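Chain by chain, the residues run as shown.
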Amino acid sequence: MSTLLTSTCAMIPVARPYIGVEEEQGVLDVLRSGWVTQGPRVAEFEEKFAAYIGCEFAVAVSSCTTALQLALLACGVGPGDEVICPSFSFIATANSIAYVGAKPVFADIDLATYNVNPTHVEALISSRTKAILVVHQIGLPADMRAFQYIAAKFGLKLIEDAACAIGAKYEGELIGKPLGDLACFSFHPRKIMTTGEGGMITTRDAHLAERLRRLRQHAMSLSDVVRHSAKQIVTETYDEVGFNFRMTDMQAAVGIAQLGRLDRLLDRRRLLAQRYTKALDQLSWLITPHVPPYCCHNYQSYMVRLVGDAAGKRDEIMQQLLERNISTRRAIMATHRELPYRSAGGDDSLPQTCLTAATGIILPLFYQMADSDHNYVIDSLHEIHI
Ligand SMILES: *Cc1c(COP(=O)(O)O)cnc(C)c1O
């Protein structure tokens with residue numbers, strides 16, 4: 001089959017996970033080992049993840065949503081507290097705040113980076129504010145020096161929603177060191193590396209790590225592995241209400257294999273993204289991603305923003321691309337306009353969030369995307385009618 005036929009006959013997806021034989025073998029080994037839930041492979045994944053990032057502690061959990069919930073709990077956030085976060089994020093960011101009984105207070109984004117705006121965050125701080133939940137949206141690090149300064153000035157906890165940010169760098173260092181108190185990653189298939197479902201919390205603080213390890217496992221004072229290998233009778237205690245937020249060893253085996261290929265996944269994404277930017281900067285009707293000098297983007301998503309006449313024609317543009325067998329997605333959502341959070345702000349508050357949510361398009365970008373398909377998307381964007 002010619003490459004042209006492949007490009008025009010098969011639908012080009014927005015994203016696709018890359019899973020190889022190492023992942024398959026890892027899962028098979030776990031299944032045959034007889035230990036399938038959180039055990040030795042989860043411990044190995046945590047060690048390798050911490051070594052990759054260069055952080056002291058990494059705690060694996062069932063998703064980034066549960067990671068955020070535990071991070072907030074471990075920071076002492078609870079009923080009556082307010083947490084400032086962007087509305088321009090996947091709804092899980094705000095939901096995690098609601099789960100602990102606190103109230104999300106939505107700040108607007110900066111139109112250049114689509115990340116939450118420090119000036120707006122500072123303006124929203126009240127006597128109830130307990131923490132700032134910063135999102136490194138679609139893999140571009142937020143302005144962390146500004147947030148560190150604000151958190152220190154007002155005595156607030158600083159948590160990073162790094163769901164999309166594996167491999168992204170801030171001032172030359174990988175996200176996850178962390179730059180705040182805790183950073184939370186996602187391994188959902190829509191992110192750069194996947195375990196099917198899964199999440200990871202990183203921290204510098206041994207006590208926080210210990211508390212998180214207990215909370216994810218019913219607040220049990222001894223892990224299953226310790227109980228299982230004990231040579232003497234041991235009795236565990238449960239000192240608070242915990243959760244079952246464990247990752248399984250099957251997921252961890254996939255994660256270990258994914259981590260082994262992460263640098264290659266990232267290199268390819270960055271190459272494709274740079275090619276997009278070079279080719280699409282020639283178009284006057286869209287704006288390509290801006291990367292501030294302090295950041296290294298991982299391009300978990302490649303989002304362009306429509307401007308001028310094109311701004312009101314997003315659905316037509318997406319339809320024209322779909323007719324050419326190119327899948328695209330609308331931008332990230334504006335959480336404050338969803339039913340559970342509408343009272344937190346009127347429909348016309350947060351203008352930059354609303355504008356971006358209405359005019360952003362996410363283009364196909366994934367590791368195994370063929371050069372011919374990539375060129376076909378670029379050519380199509382040059383050819384469609386605006
Ligand atoms: C994907 C995502 C989440 C949720 O991650 P899960 O692992 O699916 O729970 C949270 N925050 C942001 C910014 C995300 O993109």
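Placed above this text is the structure.
Residue numbers restart at each chain and count upward from 1, following the sequence in its written direction. Predicted model: local features are reported for residues with pLDDT of at least 70 only, side-chain atom pairs are reported and counted for 80 or more only, and whole-chain, interface and lining totals are derived from all residues. By convention in this description, side-chain values take in all heavy atoms of the structure and omit both hydrogens and water.

(A) Summary view of the overall build of the chain. Helix and strand definitions follow DSSP, with helices as H or I runs of at least four residues and strands as E runs of at least two, each counted in order from the N terminus. On a plain count of helices and strands, the chain comes out with 14 helices and 14 strands. We take the radius of gyration over the C-alpha atoms and set the globule estimate at 2.2 Å times the residue count to the 0.38 power. By the compact-globule yardstick of 21 Å for 386 residues, the chain fits well, its C-alpha radius of gyration being 22 Å. Summarising its shape, the C-alpha atoms of the chain cover approximately 75 × 55 × 35 Å along the three principal directions. Relative accessibility decides the category of a residue: with a 1.4 Å probe and only protein chains considered, values under 20% of the type maximum give buried, values over 50% give exposed, and everything between is partly exposed. The burial tally for the chain puts 54% of its 386 residues in the buried class. Working rule for contacts: check all heavy atoms of both residues, and any pair within 4.5 Å makes them a contact. Considering only contacts within the chain whose residues lie at least 6 apart along the sequence, 73% involve residues at least 24 apart. A 1.4 Å probe and the Shrake-Rupley method give the accessible areas. Residues count as covered only by the protein chains that appear here. Accessible area of the chain: about 16,400 Å², with a carbon and sulfur share of 53%. Charge centroids of the chain, computed over 37 positive and 41 negative side chains, lie 1 Å from each other. Neither His nor the chain ends contribute to the count of charged residues, in which Lys and Arg are positive and Asp and Glu negative. Working definition for charges: the position is that of NZ of Lys, CZ of Arg, CG of Asp or CD of Glu.

(B) A look at the sheet that holds strand S1 (residues 57-61). Two strands form a pair only when DSSP identifies at least two bridges running between them. An order of S1-S9-S8-S5-S4-S2-S3 is seen for the 7 strands of this open sheet, with the pairing classed as mixed. Because the sheet does not close on itself, it has two edges, and the strands there are S1 and strand S3 (103-107). Looking at each pair of strands side by side, their axes are set apart by 25° on average, direction ignored. As defined by bridge partners, strand S8 (residues 182-186) adjoins strand S9 (residues 199-203) across 5 bridges and the pair is classed as antiparallel. Looking at S9, one finds that Leu182 is bridged to Thr203. With axes taken as lines fitted to C-alpha atoms, and helix axes fitted only over the stretch in contact, angles between N-to-C directions fall between 0 and 180 degrees. Strands in contact with helix H3 (residues 40-53) are S1, S8 and S9; relative to S1, the strand with the most contacts, it is inclined by about 135°. Its contacts with the sheet place helix H8 (residues 206-215) against S1, S8 and S9, and it is angled at close to 15° to S1.

(C) How the structure looks around the site of the ligand. If even one non-hydrogen atom of a residue comes within 4 Å of a molecule or strand, that residue is called near it. As a matter of local geometry, the ligand sits amid 15 residues, with Cys64, Thr65, Asp161, Ser186 and Lys191 nearest to it. For this analysis, a polar contact is any N or O atom pair within 3.5 Å, provided that within protein one partner can donate a hydrogen and the other can accept it, and provided that sequence-adjacent residues contribute only side-chain to side-chain pairs. Measuring from a nitrogen atom of the ligand, one finds a side-chain N or O atom of Asp161 at 2.8 Å. For the ligand, an oxygen atom lies 2.7 Å from a polar atom in the side chain of Ser186. When the free accessible area of the ligand is taken as 380 Å², the share hidden by the protein chains comes to 92%. Residue assignment for the shell around the ligand shows that the elements contributing at least two residues are helix H4 (64-74) and helix H5 (92-99). Residues are grouped as follows: nonpolar covers Ala, Val, Leu, Ile, Met, Phe, Trp, Tyr, Cys and Pro; charged covers Asp, Glu, Lys and Arg; every other residue, Gly included, is treated as polar. Taken together, the residues of the shell around the ligand sort by class into 6 nonpolar, 7 polar and 2 charged.

(D) Seen up close, the nonpolar core. The biggest cluster of nonpolar side chains holds 43 residues, and the ones touching the most others in it are Phe45, Phe49, Phe147 and Phe185. Elements that contribute at least two residues to this core include exactly H3, S1, S3, strand S4 (129-135), helix H7 (144-154), S8, helix H10 (249-260) and helix H11 (262-280). Here this core takes 5 residues from H3, the largest share from any one element. Two domains each provide a minimum of three residues to this core, namely domain 1 (21-260) and domain 2 (262-382). Definition of nonpolar core: a set of buried residues of the types Ala, Val, Leu, Ile, Met, Phe, Trp, Tyr and Cys, connected through side-chain atoms within 4.5 Å. Residues Phe106, Ile159, Tyr341 and Leu350 belong to the second largest nonpolar core, which totals 34 residues. Where each domain starts and ends follows an automatic or database-derived domain assignment.

(E) Focus on helix H12 (residues 314-323). Along H12, the positions that sit buried rather than exposed are Arg314, Ile317, Met318 and Leu321. Along the axis of H12, the buried positions cluster into a sector of 95°, meaning they face one direction only. Residues of H12 that are buried sit in contact with strand S12 (302-306), strand S13 (329-330), helix H13 (351-359), strand S14 (360-363) and helix H14 (371-383). In the stretch just after H12, Asn325 is the one whose phi turns positive, near 65°. The arc in question is traced by the directions running from the helix axis to the C-beta atoms.

(F) Geometry of the sheet that holds strand S6 (residues 169-170). The strand order across the open sheet formed by 3 strands is S7-S6-S11, and the pairing between neighbours is antiparallel. Both edges of this open sheet fall to strand S7 (173-174) and strand S11 (295-296), since each of them pairs with a single strand only. Of the strand pairs in this sheet, S6 and S11 are connected by 2 bridges, and their pairing is antiparallel. Directly across from Tyr170, in S11, lies its bridge partner Cys295.

(G) How the structure looks around the packing of aromatic side chains. Stacked, tilted and edge-to-face pairs are distinguished by plane angle, under 30 degrees for stacked and over 60 for edge-to-face with tilted covering the rest, among Phe, Tyr and Trp rings (Trp via its six-membered ring) whose centres lie within 6.5 Å. Per the stated rule, a full pass over the model turns up 11 aromatic pairs. Ring geometry for Phe88 and Tyr114: centres 6.4 Å apart, planes at 45°, overall tilted. With Phe88 in the loop between strand S2 (82-86) and H5 and Tyr114 in the loop between S3 and helix H6 (118-123), this residue pair connects regions lying 26 residues apart in the sequence. Given a relative accessible area of 1%, Phe88 falls into the buried group. In this structure Tyr114 comes out as buried when scored by relative accessible area, which is 6%. Relative to Tyr294, the ring of Tyr170 lies with its centre 5.3 Å away and its plane at 55°, an arrangement referred to as tilted. With Tyr170 in strand S6 and Tyr294 in the loop between strand S10 (286-287) and S11, the pair connects residues that are 124 residues apart, well separated along the chain. For Tyr170, a relative accessible area of 2% translates into the label buried. Among the residues examined, Tyr294 registers a relative accessible area of 26% and is labelled partly exposed.

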